Amino acid sequence: MDPQPTTLDLSDMPPHARMELLDFYEFLRQKYGGEQNVSSPKPQTRTKAFAAFLAEPVPVEKITKFSREDLHERG
């Protein structure tokens, strides 16, 4: 079954609902796009980007350590 192009009328939807629908549409295109989907990055590109992210230290002003009792305090 070959899908036909369809036009949807979104004019009666609020802007946030339109954005949510467009996001979901892009998700489905990426998930089911198959060979036609050329927008997804190759695994090697993602690996390099992640390695670059890990190479840079993340600045933290102050680290607060909590005890187990502090974390599970009953109020």
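Residues numbered from 1 in each chain as written. Predicted model: local features only at pLDDT ≥ 70, side-chain atom pairs only at ≥ 80, totals over all residues. Heavy atoms only, no water.

Visitor: I'd like a description of the overall build of the protein, backed by residues and values.
Guide: The secondary structure content of the protein amounts to three helices and zero strands. Within the protein, buried positions represent 4% of all 75 residues. (Helix = DSSP H or I, 4+ residues; strand = E, 2+ residues; numbered from the N terminus. Buried < 20%, exposed > 50% of the residue type's maximum accessible area, 1.4 Å probe, protein only.)

Visitor: Pulling in residues and values, what's your account of a nonpolar patch on the surface?
Guide: Nonpolar side chains collect at one region of the surface, where F50, F53, L54, V58, V60 and I63 lie side by side and expose about 680 Å² of accessible area between them. Here V60 is to be found in the loop between α2 (43–55) and α3 (68–71). (Patch = residues over 30% accessible without salt bridge, like charges linked within 9 Å, V, L, I, M, F, W, Y side chains within 5 Å. Areas by Shrake-Rupley, 256 points an atom, 1.4 Å probe, with all protein chains shown as cover. Salt bridge = Lys/Arg side-chain N within 4 Å of Asp/Glu carboxyl O.)

Visitor: Any chance you could break down the environment of Y32 for me, citing the residues and the numbers?
Guide: By the element assignment, Y32 lies in helix α1 (residues 15–32). The exposure class of Y32 is exposed, given its relative accessible area of 60%. A polar contact of 3.4 Å, which involves the side chain of Y32, links it to the side chain of K31. (Polar contact = N/O pair within 3.5 Å; in protein donor to acceptor, adjacent residues only side chain to side chain.)

Visitor: Residue-level account of the confidence of the model for the protein, with values.
Guide: A low pLDDT means the predicted coordinates there should not be read in detail. Per-chain confidence: the protein averages 80 in pLDDT, with 80% of residues scoring 70 or above. For the protein, the element scoring lowest by mean pLDDT is α2, at 78; α3 scores highest, at 90. (pLDDT = per-residue confidence, 0-100.)

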